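# A structural walkthrough
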Amino acid sequence: LNGVYKAGLGLFINGGVDNDVILAARKGVYDKLSELNLLLSNQRFLLGDKLTAPDVRLAMTLFRWDTSYRNAFLLKDGREGILLGNGHPHLKAYLRDLYVVMEPAIDFVAIRQYYRIRQSVNKAFVRSQGK
């Protein structure tokens, strides 16, 4: 899901205008979410029936999707959110299961605050370009 950064930061660099690189990055993100949703329709965790480190890493990324990535990086033209929608029902169930285990380590307020960068980064980039 590294495409979220390529798509989002690409917008800053490109003055908020989509281009082929940004559109390809977005498509890659949406395709990966669909692929993961399909995988998790047949098994409980990424590598089968046991929770592993890749599950924890993916879960932390997916928890940031609804709270941050969709807004900060303007990734709103795919399906709905994961927890806040029904566009990815198997990812939603997966995250609900993992939230029960990971809740003490998740701070949604801190995640949202960290990704409130879009306007400030964009302004700083414009200033650095002498505009």
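Please refer to the structure placed before this passage.
Residues numbered from 1 in each chain as written. Predicted model: local features only at pLDDT ≥ 70, side-chain atom pairs only at ≥ 80, totals over all residues. Heavy atoms only, no water.

### Examining the pattern of salt bridges
- Overall, the coordinates contain 4 salt bridges when judged by the stated rule.
- Notably, a salt bridge pairs R26 with D18, separated by 3.1 Å at the nearest N-O pair.
- For D18, a relative accessible area of 37% corresponds to the partly exposed category.
- In this structure, R44 and D97 form a salt bridge, with 3.4 Å as the shortest nitrogen-oxygen distance. (Salt bridge = Lys/Arg side-chain N within 4 Å of Asp/Glu carboxyl O. Buried < 20%, exposed > 50% of the residue type's maximum accessible area, 1.4 Å probe, protein only.)

### Examining the packing of aromatic side chains
- Under the counting rule described, the total for this entry stands at 4 aromatic pairs.
- Ring geometry for F63 against Y99: centres 6.0 Å apart, planes inclined by 70°, an arrangement best described as edge-to-face. Of this pair, F63 sits in helix α3 (residues 53-72) while Y99 is found in helix α4 (residues 89-102), placing the two residues 36 residues apart along the sequence.
- When the centroid spacing of 6.2 Å and the interplanar angle of 25° are considered together, the rings of Y99 and F108 count as stacked.
- With a relative accessible area of 27%, Y99 lands in the partly exposed category.
- Connected via pairs of aromatic rings, a cluster forms that spans F63, Y99 and F108. (Phe/Tyr/Trp six-rings, centres within 6.5 Å; stacked < 30°, edge-to-face > 60°. Helix = DSSP H or I, 4+ residues; strand = E, 2+ residues; numbered from the N terminus.)

### Observations regarding the side chain of K92
- Along the polypeptide, K92 turns up in helix α4.
- Take K92: its relative accessible area is 15%, and that puts it in the buried class.
- A polar side-chain atom of K92 sits 3.1 Å from a polar atom in the side chain of N86.
- In this structure K92 touches I82, L83, G85 and N86, once residues within four positions along its chain are discounted. (Polar contact = N/O pair within 3.5 Å; in protein donor to acceptor, adjacent residues only side chain to side chain. Contact = heavy atoms within 4.5 Å.)

### So, the environment of N42
- Relative to the assigned elements, N42 resides in the loop between α2 (20-39) and α3.
- By relative accessible area, N42 is classed as exposed at 66%.
- Expressed as a C-alpha distance, the spacing of N42 and H90, which sit 48 residues apart in the sequence, is 9.1 Å.

### Side note on the nonpolar core
- If you look at the biggest cluster of nonpolar residues, it comprises 29 residues, and the most contacted ones within it are L62, W65, L75 and Y94.
- Counting residues per element, this core draws most heavily on α3, at 7 residues.
- Setting aside residues up to four positions removed in sequence, Y94 forms contacts with L40, R44, F45, L46, D55, L58 and L62. (Core = buried A, V, L, I, M, F, W, Y, C linked by side-chain atoms within 4.5 Å.)

### A closer look at the environment of S34
- Counting through the fold element by element, S34 comes out in helix α2.
- In this structure the C-alpha to C-alpha distance between S34 and H90, which are 56 residues apart in sequence, comes to 9.7 Å.

### Remarks on α3
- An ideal rise of 1.5 Å per residue puts 28 Å on 20 residues; α3 measures up with 26 Å between its terminal C-alpha atoms.
- Its maximal kink placed at W65, α3 deviates by approximately 65°.
- One or two residues past the end of α3 sits L74, with phi positive at roughly 55°. (Expected span 1.5 Å × (residues − 1). Bend = angle between axes of the 7 residues up to and from the residue.)

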